[in-house]
Amino acid sequence: MKRTALGMAAAAITGLTALPAVATSASAADYGPDTCVSGYVWREARPSDHVCVTPAVRTQTAKDNSVRFSRWTNGAYGPHTCVTGYVWREAFTGDDVCVTPAVRQQARNDNAAAAGRRASSSGIASPIVINRRVNFSGGVPVGGWTSLTVYRDGTYQWSGHMHDSGGTSYNFSGVCVVRTSSGSAFVFETFGRLHGTFDSGSRDHNWNKSGTISSLPTAWRASSGYTWSCQNSVKLNLDGTVKTALDAVGYVKSVIAIVA
C-alpha cells in the first residue's frame, strides 16, 4: 500500500487526536559533526579516521597498527605485501595494514554503517516516545492505550491495548504518524474488531510489533525535528484514519514506511 502527500483536510474523527509539533534536539556534540552516538568511538585507523565503531574494534585497530611491520613482506604487491593468512584492511583508500580477512570485513561493515552512528547537535534526540491514553466521546464504551517508540538506528516498538466495555461491537482503527522535518513520514497502524456483549468474540484488541525500518536512519540524519499525530477511530476504516493522521502532520514529501 502506497500513499502520497495529502493536503490538509477537515475530516472529523471520533477518538483521541494528539498534534503537538514538538521538535527536540540532541545534546551538543563534544567532538563536532563526527561525534559518535552513545556506545561508539572513533576507529582511528589513522588520525583522521572518525568512523564510529565499538570500543573492541578500536582496540583491535590499534593492535593491528602496532604490529603492521611484522606482517609485511616483499611480494607480488611490493614491500607491503601481506604474509600468508593476512590481507590489507582497506579501512580507507591506501590502508595497507595487514589484518585477518574477518577484520577486513568488519572494517567494510563499519564503513557502511558509519553515517548512522554519528550524533548531530542539530538532529532529533533518540528515541522518539509517544504514549497515549485513548478514549472516545459520545458514550462510546471503548478505551485503552497506544505506545510508539522509534530509535535513531531505525528500530521501533509499536504496541497497544483496546477494550470494548459495552454491548455494541466496533471496528477499531489506530494510526500514529511520525513526520521528520525533511518531509519523510513513517506510518504505524493497527486494525481490529472489538466485540461487545451482544456479539461473540474477544472484547480486546492487543498488538505488539517491533522491527527495523532501513530507510529511517537516513531520514533521521537529514532532519532537525519532527511532528507526529496519533488518530484512533471506531467509525472510519483504516485508510480514513491514516488519511486524517497524515493531514494532521502537515506537508509530507513521501511516505517511506508503513508498519501494519
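Above this text sits the structure in question.
Since the structure is predicted, the reported quantities are computational estimates derived from the model, not experimental observations.

K.L.:
I tried to follow the overall build of the chain on my own but got confused; where do I start?
P.N.:
From N to C terminus, the chain includes four helices and 15 strands. For the chain, with 260 residues in total, the buried portion stands at 44%. At a minimum sequence separation of 6, the contacts of the chain that also span at least 24 residues come to 62%. Roughly 12800 Å² of accessible area belongs to the chain as shown, and the carbon and sulfur atoms make up 53% of that amount.

K.L.:
Just to check I follow, could you spell out the state of the cysteines for this structure?
P.N.:
One covalent bond between the sulfur atoms of two cysteine residues makes up a disulfide. Applying the stated criterion across every chain, the model contains three disulfides. Residue pairing for Cys36: its cysteine sulfur links by disulfide to Cys52, the two sulfurs lying 2.1 Å apart. Every disulfide takes its handedness from the sign of the S-S torsion; for Cys36 and Cys52 that torsion is -90°, giving left-handed. Residue Cys36 is found in the loop between strand S1 (17-18) and strand S2 (41-42), and its partner Cys52 is found in strand S3 (residues 52-53); the two are separated by 16 residues along the sequence. Cys52 carries the same exposure label as Cys36, and that label is buried. With a sulfur-sulfur separation of 2.1 Å, Cys82 is cross-linked through a disulfide to Cys98. Because the sign of the S-S torsion sets the handedness, a value of about -90° for the bond joining Cys82 and Cys98 places this disulfide among the left-handed ones. Of this pair, Cys82 sits in strand S5 (residues 78-82) while Cys98 is found in strand S7 (residues 98-99), placing the two residues 16 residues apart along the sequence. As far as the burial class goes, Cys82 and Cys98 line up, both buried. Of note for the chain: the bonded cysteines, numbered N- to C-terminal, pair according to 1-2, 3-4, 5-6.

K.L.:
Mind showing me how you'd approach helix H4 (residues 238-248) here?
P.N.:
Because an α-helix packs 3.6 residues into every turn, residues spaced three or four apart end up facing the same way. Along H4, the residues classified as buried are Leu238, Thr241, Val242, Thr244, Ala245, Leu246 and Asp247. On its buried side, H4 packs onto strand S11 (170-180), strand S12 (184-194), strand S14 (226-233) and strand S15 (254-259). Between the side-chain oxygen of the N-cap and the backbone nitrogen of Asp239 there are 3.3 Å, and the N-cap of H4 in question is Asn237. Phi turns positive, to about 90°, at Gly250, one or two residues after H4.

K.L.:
Sorry if this is basic, but what is going on with the pairing of strand S9 (residues 142-150) here?
P.N.:
Every other side chain in a regular strand lies on the same face of the sheet, so the side chains alternate between the two faces. Extensive coverage of S9 is indicated by the burial of eight of its nine residues. Where strand S8 (residues 128-135) meets S9, eight bridges bridge the pair, whose relative direction is antiparallel. By the bridge assignment for S9, Val129 is matched with Thr149. Counting the residues in the hairpin turn of S8 and S9 gives six residues, including Gly138, whose phi is positive at 75°. The antiparallel pairing of S9 with strand S10 (residues 155-164) creates a hairpin that spans four residues between the two strands, and Gly154 there sits at a positive phi of about 100°.

K.L.:
I'm lost on the pattern of salt bridges in this one. Help?
P.N.:
Where side chains of opposite charge bring their charged atoms close, a pairing between them can arise. Applying the stated rule across the entire model yields seven salt bridges. The salt bridge involving Asp64 is made with Arg71; its shortest N-O contact spans 2.8 Å. For Asp199, the salt bridge is made with Arg193, and the minimal N-O distance between the two is 3.9 Å. The class for Asp199 is partly exposed, based on a relative accessible area of 34%.

K.L.:
What is the right way to look at the sheet that holds S8 in this model?
P.N.:
Pairing between sheet strands relies on hydrogen bonds along the backbone, with the strands arranged either parallel or antiparallel. Spatially, four strands are ordered S8-S9-S10-S13 in an open sheet, and the strand pairing comes out antiparallel. Each end of this open sheet is capped by a strand with a single partner; those strands are S8 and strand S13 (204-212). The sheet shows a mean angle of 5° between the axes of neighbouring strands, taken without regard to direction.

K.L.:
What is the right way to read the packing of aromatic side chains from this model?
P.N.:
Given two aromatic rings, one states the distance between the centres and the angle between the planes to describe the pair. Under the defined criterion, the tally for this structure stands at six aromatic pairs. Taking 5.5 Å as the distance between ring centres and 85° as the angle between the ring planes, the aromatic pair formed by Phe69 and Trp72 counts as edge-to-face. With relative accessibility at 16%, the residue Trp72 sits in the buried group. When the centroid spacing of 5.5 Å and the interplanar angle of 55° are considered together, the rings of Trp158 and Trp207 count as tilted. One end of the pair, Trp158, is in strand S10; the other, Trp207, is in strand S13, and 49 residues separate them in sequence. In this structure an aromatic cluster arises from ring pairing among Tyr156, Trp158, Phe172, Phe188 and Trp207. Sitting above the plane of the Phe92 ring, Arg46 keeps its charged end 4.0 Å from the centroid.

Calculation rules
Residues numbered from 1 in each chain as written. Predicted model: local features only at pLDDT ≥ 70, side-chain atom pairs only at ≥ 80, totals over all residues. Heavy atoms only, no water. Helix = DSSP H or I, 4+ residues; strand = E, 2+ residues; numbered from the N terminus. Buried < 20%, exposed > 50% of the residue type's maximum accessible area, 1.4 Å probe, protein only. Contact = heavy atoms within 4.5 Å. Areas by Shrake-Rupley, 256 points an atom, 1.4 Å probe, with all protein chains shown as cover. Disulfide = S-S within 2.5 Å. Polar contact = N/O pair within 3.5 Å; in protein donor to acceptor, adjacent residues only side chain to side chain. Pairing = 2+ DSSP bridges. Salt bridge = Lys/Arg side-chain N within 4 Å of Asp/Glu carboxyl O. Axes fitted to C-alpha atoms, helices over the stretch in contact; angles between N-to-C directions. Phe/Tyr/Trp six-rings, centres within 6.5 Å; stacked < 30°, edge-to-face > 60°. Lys NZ or Arg CZ within 6 Å of the ring centre and 35° of its normal.

Scope: geometric values only; no functional claims are made or implied.
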